[in-house]
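Chain and residue survey
Next come the chains, spelled out residue by residue.
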Amino acid sequence: MNKKILWDISYGVYVVSSLDKEKPTGCIINTAVQLTENKIGVCINHNNYTNSIIKENKNFALTILSEKTNPDIIATFGFASGREKNKFDGFEYKMFDNLPVLLNSKGYIALKLVQAVELETHTFFIGEIIDGDVFNDEIPMTYKYYHDVIKGRAPKAAPTYIAPEDLNEAKPMGKRFRCKVCGYIYEGDIEKEPPNFVCPVCKQPKSVFEEILYA
Ligand SMILES: Cc1cc2nc3c(=O)[nH]c(=O)nc-3n(C[C@H](O)[C@H](O)[C@H](O)COP(=O)(O)O)c2cc1C
């Protein structure tokens, strides 16, 4: 099978957030869909901290990122876990309906959890819309924009993750390195970058890159 066809399903890029007692937390998802007039579904990996917090809090917000959203938001919310840190630290946010919402975004939808469907690896959370607002007229970020313009990839927790060996990509000329955290591909010789070089997508240091060797 050519798994790349799955990347031709159109998605947006979002932060799903909730409140862990006093601490705001959340993660990046692309799997959000409006199911009915007042219901939205999001799909979150069992291992993600956000999954357990939504189950506890029974409320969540869906923040819609825009093409102008700071990519550091994706690095923090998509490649780190709220178990270890407060991901909202350093980003402007406001509480709406007792849910944390990043203001550097297009807007948000607040939801009350009505159903959680357990799949093998993920929980499909269905929420009823209780509130929402549009912050500006920016263009919402699509997953295609994230891939093509920000050159981002998805980590293993994302349903759209495809292992590099399954991609059947043409063998490139010259050196290439892959970020082991987010999958970003660096074209060229990374050794020539200064010691403080960080991955443009997930902000990890040069040391997490490995050379891609083709047989
Ligand atoms: C572009 C992108 C899309 C993602 N989509 C999903 C998704 O739909 N569902 C999911 O569970 N994780 C997805 N992830 C991965 C989570 O955001 C990531 O595992 C995060 O670190 C989990 O944080 P937490 O442990 O604080 O919940 C995605 C990440 C990126 C960068």
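Only a predicted model underlies this, so the values are computations on that prediction, with no experimental measurement involved. (Residues numbered from 1 in each chain as written. Predicted model: local features only at pLDDT ≥ 70, side-chain atom pairs only at ≥ 80, totals over all residues. Heavy atoms only, no water.)

A word on the overall build of the protein
Counting secondary structure elements, the protein contains three helices and twelve strands. Here the C-alpha radius of gyration of the protein, 18 Å, is about what a compact globule of 215 residues would show, namely 17 Å. Overall, the protein is about 55 × 40 × 35 Å in size when its C-alpha atoms are taken along their principal axes. Relative to its full complement of 215 residues, the protein shows a buried share of 45%. Taking the intrachain contacts of the protein between residues at least 6 apart in sequence as the baseline, contacts between residues at least 24 apart amount to 63%. As displayed, the protein has an accessible area near 11500 Å², and 52% of this comes from carbon and sulfur atoms. Side chains of the protein give 26 positive and 28 negative charges; the mean places of these two sets differ by 4 Å. (Helix = DSSP H or I, 4+ residues; strand = E, 2+ residues; numbered from the N terminus. Rg over C-alpha atoms; globule rule 2.2 N^0.38 Å. Buried < 20%, exposed > 50% of the residue type's maximum accessible area, 1.4 Å probe, protein only. Contact = heavy atoms within 4.5 Å. Areas by Shrake-Rupley, 256 points an atom, 1.4 Å probe, with all protein chains shown as cover. Lys, Arg positive; Asp, Glu negative; His and termini not counted. Charge placed at Lys NZ, Arg CZ, Asp CG, Glu CD.)

Focus on helix 1 (residues 49-57)
For helix 1, the full list of buried residues reads Tyr49, Thr50, Asn51, Ile53 and Ile54. Summarising the contacts, the buried residues of helix 1 are in contact with strand 1 (14-20), strand 2 (23-29), strand 4 (39-45), strand 5 (59-64), strand 8 (107-118) and strand 9 (122-134). Backbone geometry just after helix 1 places Lys58 at a positive phi near 65°.

Re the domain arrangement of the protein
Domain boundaries assigned for the protein yield domain 1 (3-148) and domain 2 (169-211). Placing the centre of domain 1 and that of domain 2 at their C-alpha centroids yields a distance of 28 Å. Residue-level contacts link six residues of domain 1 with six residues of domain 2. Buried surface at the junction of domain 1 and domain 2, summed over both partners, amounts to about 450 Å²; 65% is from carbon and sulfur atoms. Applying the counting criterion to the domain 1 and domain 2 interface returns one salt bridge. There are one residue pair in polar contact (both at pLDDT 80 or more) connecting domain 1 and domain 2. The biggest single contributor to the side of domain 1 that touches domain 2 is helix 2 (residues 71-79), with four residues. The residue makeup of the side of domain 1 that touches domain 2, split by class, is four nonpolar, no polar and two charged. (Domains from an automatic or database assignment. Buried area = accessible area lost by both parts, 1.4 Å probe. Salt bridge = Lys/Arg side-chain N within 4 Å of Asp/Glu carboxyl O. Polar contact = N/O pair within 3.5 Å; in protein donor to acceptor, adjacent residues only side chain to side chain. Nonpolar A, V, L, I, M, F, W, Y, C, P; charged D, E, K, R; others polar.)

Focus on the pairing of strand 5
Look at any regular strand and the pattern is simple: side chains alternate between the two faces of the sheet. Both strand 1 and strand 5 contribute to a ladder of four bridges, which runs antiparallel. Each bridged residue has a counterpart across the sheet, and for Tyr14 the counterpart in strand 5 is Ile64. (Pairing = 2+ DSSP bridges.)

Here's the deal with the pattern of salt bridges
Under the defined criterion, the tally for this structure stands at eight salt bridges. Between Lys39 and Glu128 there is a salt bridge, and its shortest N-O distance comes to 3.8 Å. Here the residue Lys39 occupies a position in strand 4, and Glu128 occupies one in strand 9, the gap between them amounting to 89 residues. Among the residues examined, Lys39 registers a relative accessible area of 21% and is labelled partly exposed. The exposure class assigned to Glu128 is partly exposed, which follows from its relative accessible area of 24%. For Lys55, the salt bridge identified is with Glu118, shortest N-O distance 3.1 Å. Linking Lys55 in helix 1 with Glu118 in strand 8, this pair joins segments that are 63 residues apart in sequence. Take Lys55: its relative accessible area is 31%, and that puts it in the partly exposed class.

Let's talk about the sheet that holds strand 12 (residues 209-211)
Taken in spatial order, the three strands line up as 11-10-12 in an open sheet, and their pairing is antiparallel. In this open sheet, the two strands that pair with only one neighbour each are strand 11 (185-187) and strand 12. Here the strands of the sheet are splayed against their neighbours by 30° on average, with no regard to which way each runs. As paired strands, strand 10 (residues 176-179) and strand 12 are joined by three bridges and run antiparallel to one another. Bridging from a neighbouring strand, Phe177 pairs with Glu211 of strand 12. (Axes fitted to C-alpha atoms, helices over the stretch in contact; angles between N-to-C directions.)

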